[in-house]
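Observations on chain architecture
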Amino acid sequence: QVQLVESGGGLVQAGGSLRLSCAASGSIFRINTMGWYRQAPGKQRELVAAMTSGGGTNYADSVKGRFTVSRDNAKNTVYLQMNSLKPEDTAVYYCAFRSALEYDFNYWGQGTQVTVSS
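All right, on to unusual backbone geometry then. A positive phi is found at Asn-76, a non-glycine position, where the angle reads about 50°. The backbone phi angle of Ser-84 is positive, close to 50°, even though this residue is not glycine. Of note, Ser-84 is situated in the loop between β8 (77-82) and β9 (91-99).

If you want it as structure tokens, here you go:
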């Protein structure tokens, strides 16, 4: 059984930084895309950043220039470096993996809380 385990969330002041990690345990067939979503209270879940197996990246406009997604394929791990954090970045962050041949993300982490105080 595959599990994605996130770590690195917490409370930080505005302008600070956090680094999220997400590691997969179990056997996953050919991970194509690794990414991060977030959901703030009362809002829809949104894609924050994603990286394909070829190194292509996609970022939400609101985080461009502040967040960086990276991955370690050998460890089945994805990272999200978050700098210059703002109160509006407060949300539960979820990692997600998409296997090859899957149309959408098919593995999800349990979520980690990120709170940015003003």
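Read on, since the account is not over.
Next up on the list: the side chain of Arg-66. Tracing the backbone through its elements, the reader meets Arg-66 in the loop between β6 (57-59) and β7 (67-72). Given the relative accessible area of 11%, Arg-66 is considered buried.

Glancing now at the nonpolar core. If you look at the biggest cluster of nonpolar residues, it comprises 30 residues, and the most contacted ones within it are Trp-36, Leu-80, Met-82, Tyr-93 and Phe-97. Of all the secondary structure elements, the ones that give two or more residues to this core are β3 (18-25), β4 (31-39), β5 (46-51), β7, β8, β9 and β11 (112-117). Other than its neighbours up to four places away in sequence, Phe-97 contacts Leu-4, Cys-22, Ala-24, Ile-28, Ile-31, Thr-33, Met-34, Asn-76, Val-78, Phe-105, Asn-106 and Tyr-107.

Moving on, we get to the packing of aromatic side chains. Inspection of the entire model under this criterion finds three aromatic pairs. Look at Tyr-37 and Phe-105: their rings are 5.5 Å apart centre to centre, the planes differ by 90°, and that puts the pair in the edge-to-face class. Linking Tyr-37 in strand β4 with Phe-105 in the loop between β9 and β10 (107-108), this pair joins segments that are 68 residues apart in sequence. The pair formed by Tyr-37 and Phe-105 is uniform in burial state, with each residue classed as buried. Both rings, one in Tyr-37 and one in Trp-108, keep their centres 5.0 Å apart while their planes meet at 55°; by these two values the pair is tilted. With Tyr-37 in strand β4 and Trp-108 in strand β10, this pair connects stretches of sequence that are 71 residues apart.

Once that is clear, we can look at the pattern of salt bridges. Summed over the entire model, instances satisfying the criterion amount to four salt bridges. For Asp-89, the salt bridge goes to Arg-38, with nearest N and O atoms at 3.0 Å. With Asp-89 in the loop between β8 and β9 and Arg-38 in strand β4, this residue pair connects regions lying 51 residues apart in the sequence. Neither residue differs from the other here; Asp-89 and Arg-38 are each classed as buried. Asp-89 is the partner of Arg-66 in a salt bridge, and the nearest nitrogen-oxygen pair spans 2.8 Å. Linking Arg-66 in the loop between β6 and β7 with Asp-89 in the loop between β8 and β9, this pair joins segments that are 23 residues apart in sequence. The structure contains a network of salt bridges with shared partners spanning Arg-38, Glu-46, Arg-66 and Asp-89.

Under the criterion given, the structure shown has one disulfide. With a sulfur-sulfur separation of 2.0 Å, Cys-22 is cross-linked through a disulfide to Cys-95. As the torsion about the S-S bond is roughly 50°, the Cys-22-Cys-95 disulfide counts as right-handed. Of this pair, Cys-22 sits in strand β3 while Cys-95 is found in strand β9, placing the two residues 73 residues apart along the sequence. Using a relative accessible area of 0% as the deciding quantity, one classes Cys-95 as buried.

Here is what the cut-offs are and how they apply
- Residues numbered from 1 in each chain as written.
- Predicted model: local features only at pLDDT ≥ 70, side-chain atom pairs only at ≥ 80, totals over all residues.
- Heavy atoms only, no water.
- Helix = DSSP H or I, 4+ residues; strand = E, 2+ residues; numbered from the N terminus.
- Buried < 20%, exposed > 50% of the residue type's maximum accessible area, 1.4 Å probe, protein only.
- Core = buried A, V, L, I, M, F, W, Y, C linked by side-chain atoms within 4.5 Å.
- Contact = heavy atoms within 4.5 Å.
- Phe/Tyr/Trp six-rings, centres within 6.5 Å; stacked < 30°, edge-to-face > 60°.
- Salt bridge = Lys/Arg side-chain N within 4 Å of Asp/Glu carboxyl O.
- Disulfide = S-S within 2.5 Å.

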